[in-house]
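Breakdown of the fold
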Amino acid sequence: MLHSPIAKAGPGSIELPRSLSPLVKANDLLFVHFDRPDLAQAEQYLRDFGLHVVSKSEDELTLRGTGLRPYVYRVTRGPKARFVGLGLAVPSADDLETLSKRFGLPIEKSNAPGGGSIVRLRDPEGVEVAVLHGYAPSEPLPTRPAILHNAPSQIVRVNDTQRPALEPPQVTKLGHLVLETPDFDKSVRWYMDTLGFIPSDVMCLPDGSPVGSFMRLDRGGEPTDHHTLFVALGLESKVDHVAFEVVDLDAVEMGQQVLMARRYRHAWGVGRHLLGSQIFDYWRDPWGQKHEHYADGDLFDDRQPAGYHVLDRAGLYQWGPDLPDDFIDAKLTPQRLVSVLKTAITDRPRLKKMLALKSSVSMPARPWR
């Protein structure tokens, strides 16, 4: 079902300006890192999802896509399933020196695939942000070209057929991740001021207060993905989902066929997002963590100003099935209850934002008129 575009925030909206002088400007998203109690189970899911094993031992597993990054997914053995952090690249060794001096942290040699030098930061919520420079790119793996489609004004296929293979889709790269934080203002400014992220689209409550920001890398005039990181207000610090690019719509759909046949738990899709425009499909791994296949996302350079939008359920997608009620994890666990009660005592304005955010995405989608 189609839905109307989300409205722009009003004149009273609170601007989320770019950092005038970030410490460094990250120029690539390299990997995500999770702990899992069962590496064999993690490996099987990620292979079915479309990733390729690079290295594995009794306590660690790394996987890659078809692109140049040495690995895009790191799994370490841990007593419980949890998100550990992410890896970003910077363009020069001087950037690592800057971060090392600012935070009083050592520059280490990475022993992961690709090597390089690394500074291990932590964001305001304790998420590990590994910043690398000087890693060795991998040789790309063979990747089929995107399928060209016949259209009334463009005939590209005559006396030929479309028969994509029924197999896990070819993941080209790790595209983005969504981080939830109980202190949106502090976290979003840290990523902008420390690592140079710039806002592409900002989600606001009806009063104009920002509660989520799609942020891209600042590569100057070089186009980059609409968002590499989405920071959003949440009940606790967690990763909502990690997203991986595939070559086209057929790959997204073929991923659904394969994962459905393997009886994994579907989360949402197939549809097309509004902000970022990606065709999406979400699946949950054996521990419930959402992973997204996507294709055909928007690309912006540094000239594109930020858009401001009122957050509502209908604004999350252009077409596709309605957002499932369990897609946004808002269950009040004991840990979250403690956090909410603490916020109610120490920061009532932030508690009000949390409640307004939950209400915004819980409302039924508006039918298109």
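Each remark here, short or long, concerns the structure printed above.
Bear in mind that the values here come from a model prediction, so they are computed numbers and not experimental data.

1. Quick look at helix H1 (residues 39-49)
For the α-helix, the turn length of 3.6 residues means that residues three or four positions removed from each other point alike. Listed in full, the buried residues belonging to H1 are Leu39, Ala42, Glu43, Tyr45, Leu46, Asp48 and Phe49. With a side-chain oxygen lying 3.1 Å from the backbone nitrogen of Ala40, the N-terminal cap of H1 falls on Asp38. Once H1 ends, the next one or two residues include Gly50, with phi positive near 125°.

2. A short note on the sheet that holds strand S8 (residues 128-133)
Read across the sheet, 8 strands follow the order S2-S3-S4-S1-S5-S8-S7-S6 without closing on themselves; strand pairing throughout is mixed. Only two strands of the sheet have a single neighbouring strand rather than two, namely strand S2 (52-56) and strand S6 (108-109). Looking at chain direction, strand S1 (residues 28-36) and strand S4 (residues 73-77) are connected through 5 bridges and run parallel. In the strand pairing of S4, His33 is matched with Arg74. On top of the sheet, H1 reaches S1, S2, strand S3 (60-64) and S4; it is set at about 160° to S4, its chief contact. Those strands touched by helix H3 (residues 184-195) are strand S5 (82-89), strand S7 (117-122) and S8, and its axis lies near 15° from that of S8.

3. A word on the nonpolar core
Counting residues in each nonpolar core, the largest one holds 68 residues, and the members touching the most others are Tyr73, Leu86, Val129, Leu177, Tyr191, Leu195 and Phe244. Among all residues touching Leu177, those that are not within four sequence positions of it are Leu29, Val32, Phe83, Leu86, Thr228, Leu229, Phe230, Val239, His241 and Val242. Membership of the second largest hydrophobic core comes to 8 residues, among which are Phe31, Ala89, Ala112 and Leu132.

4. Let's talk about the packing of aromatic side chains
Applying the stated criterion across every chain yields a total of 16 aromatic pairs. Both rings, one in Phe49 and one in Phe244, keep their centres 5.6 Å apart while their planes meet at 75°; by these two values the pair is edge-to-face. Taken as a pair, Phe49 in helix H1 and Phe244 in strand S14 (residues 238-246) lie far apart in primary sequence, 195 residues in all. There is no split in this pair, since Phe49 and Phe244 are both buried. Plain terms: the ring middles of Trp268 and Tyr317 are 5.4 Å apart, the flat faces sit at 90° to each other, and that makes the pair edge-to-face. Of this pair, Trp268 sits in strand S15 (residues 265-272) while Tyr317 sits in the loop between strand S19 (307-310) and helix H5 (334-346); the two residues are 49 residues apart in sequence, bridging distant segments of the chain.

5. Looking at the pattern of salt bridges
All chains considered together, the criterion is met by 21 salt bridges. With a closest N to O distance of 2.9 Å, Arg47 and Glu43 form a salt bridge. Of this pair, Arg47 and Glu43 both sit in helix H1, 4 residues apart, roughly one helical turn. The salt bridge partner of Arg120 is Glu108, with a shortest N-O separation of 3.3 Å.

6. Examining the sheet that holds strand S9 (residues 171-181)
With respect to topology, 9 strands assemble into an open sheet ordered S15-S16-S17-S14-S9-S13-S11-S10-S19, the strand pairing being mixed. Looking along the sheet, the strands with just one partner apiece sit at the ends: S15 and S19. Across this sheet, the average inter-strand angle for adjacent strands is 20°, counted without regard to direction. With 5 bridges joining them, S9 and strand S13 (residues 229-233) adopt parallel strand pairing. Pairing of Thr181 across the sheet is with Leu233, part of S13. Of the strands in this sheet, S9, strand S10 (198-204), strand S11 (210-216) and S13 touch H3, which is tilted by about 15° from S11.

7. So, helix H2 (residues 93-103)
Asp95, Leu96, Leu99 and Ser100 are the residues of H2 that are buried. Projected down its long axis, H2 shows its buried positions confined to an angular sector of 135°, all on one face. Residues of H2 that are exposed and angled more than 90 degrees away from the buried face: Asp94, Lys101 and Arg102. The inward-facing, buried residues of H2 abut S7, S8 and H3. One or two steps after H2, the chain reaches Gly104, where phi turns positive at roughly 65°.

8. Observations regarding the side chain of Thr172
With respect to the secondary-structure elements, Thr172 resides in strand S9. Classification of Thr172 by relative accessible area gives buried; the value is 18%. Sequence-distant contacts of Thr172, that is, excluding residues within four places in its chain, are made with Gly65, Thr66, Gly67, Thr143, Glu245, Val246 and Val247.

Conventions adopted
- Residues numbered from 1 in each chain as written.
- Predicted model: local features only at pLDDT ≥ 70, side-chain atom pairs only at ≥ 80, totals over all residues.
- Heavy atoms only, no water.
- Buried < 20%, exposed > 50% of the residue type's maximum accessible area, 1.4 Å probe, protein only.
- Helix = DSSP H or I, 4+ residues; strand = E, 2+ residues; numbered from the N terminus.
- Polar contact = N/O pair within 3.5 Å; in protein donor to acceptor, adjacent residues only side chain to side chain.
- Pairing = 2+ DSSP bridges.
- Contact = heavy atoms within 4.5 Å.
- Axes fitted to C-alpha atoms, helices over the stretch in contact; angles between N-to-C directions.
- Core = buried A, V, L, I, M, F, W, Y, C linked by side-chain atoms within 4.5 Å.
- Phe/Tyr/Trp six-rings, centres within 6.5 Å; stacked < 30°, edge-to-face > 60°.
- Salt bridge = Lys/Arg side-chain N within 4 Å of Asp/Glu carboxyl O.
- Arc of directions from axis to C-beta.

Everything listed here is a matter of geometry and, on its own, says nothing about what the molecule does.
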